[in-house]
Amino acid sequence: MPVRPIVNRVSRRLTRAGLGLATAAMLATPATAQIVRHANPGPGPSLILQSVTIPAGAETLVLSGQLAAPIDPSKPVTGVESFGDTKTQTVSVFTKIKAILAEHGYTMADVYKLTVFVTADPKRGDGKMDFAGMNDGFKQFFGSADNPNTVARSTVQVAALAGPNYLVEIEATAARMPRR
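As a starting point, this report considers the structure included with it.

Turning our attention to the side chain of Asp110. For Asp110, the location among the structural elements is in the loop between α3 (86–103) and β4 (111–118). Put simply, Asp110 is tucked away with no salt bridge, and the nearest opposite charge, on Arg176, sits 5.1 Å away. In terms of polar contacts, Asp110 uses its side chain to reach the backbone amide nitrogen of Thr107, at 2.9 Å. Residues contacting Asp110, with those up to four places away along its chain left out, are Arg37, Thr173, Ala174, Ala175 and Arg176.

So, in structure tokens, the structure goes:
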């Protein structure tokens, strides 16, 4: 008997049993379901995606906002320079995110959504974030030889972060299909 009628019959029974449509939908997901990354339309490759489709049954991991580590943890923190400029802090945050993902069995290629908060770089003097510096750090982890994937992303300039020396905070969400 083909698989689809069996799945449909199981889905109807689960729904009648009160387990809901979400449970039925997860079980009805074909084994070949994949996370789909939708590129931004345009003439060339884009730095970020337009959108991402996560199929039912995917495992997800949501990371809280991460901040940079001091450049030299053995020295006392004396100001923003203890954590570096926007690019340096971005690389530090992504390095931390990469380690957290690995602890849970994920990789940077599994990240599909980022929210990036950036404060004004005091060295600029114009009250603006260093968007180019953040993107330079971003490119070391996404759309690279190590990780050709990129992500859906929002980048927002904020007045301040949790501490006065931080220029960048990043939230990440990753997903992968269960290993079978």
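There's plenty left to go through after this.
Summed over the entire model, instances satisfying the criterion amount to three salt bridges. Between Arg124 and Asp126 there is a salt bridge; the shortest N-O distance is 2.8 Å. Taking relative accessible area as the criterion, Asp126 reaches 40% and is therefore assigned partly exposed.

Where β4 lies against strand β5 (residues 152–157), six bridges are found, and the strand directions are parallel. The residue bridging Leu114 from the neighbouring strand is Arg153, located in β5. Each parallel crossover has a hand, and the one from β4 via helix α4 (residues 131–138) to β5 is right-handed.

Rules behind the numbers
- Residues numbered from 1 in each chain as written.
- Predicted model: local features only at pLDDT ≥ 70, side-chain atom pairs only at ≥ 80, totals over all residues.
- Heavy atoms only, no water.
- Helix = DSSP H or I, 4+ residues; strand = E, 2+ residues; numbered from the N terminus.
- Buried < 20%, exposed > 50% of the residue type's maximum accessible area, 1.4 Å probe, protein only.
- Lys, Arg positive; Asp, Glu negative; His and termini not counted.
- Salt bridge = Lys/Arg side-chain N within 4 Å of Asp/Glu carboxyl O.
- Polar contact = N/O pair within 3.5 Å; in protein donor to acceptor, adjacent residues only side chain to side chain.
- Contact = heavy atoms within 4.5 Å.
- Pairing = 2+ DSSP bridges.
- Right-handed = clockwise from strand over helix to strand, strands pointing away.

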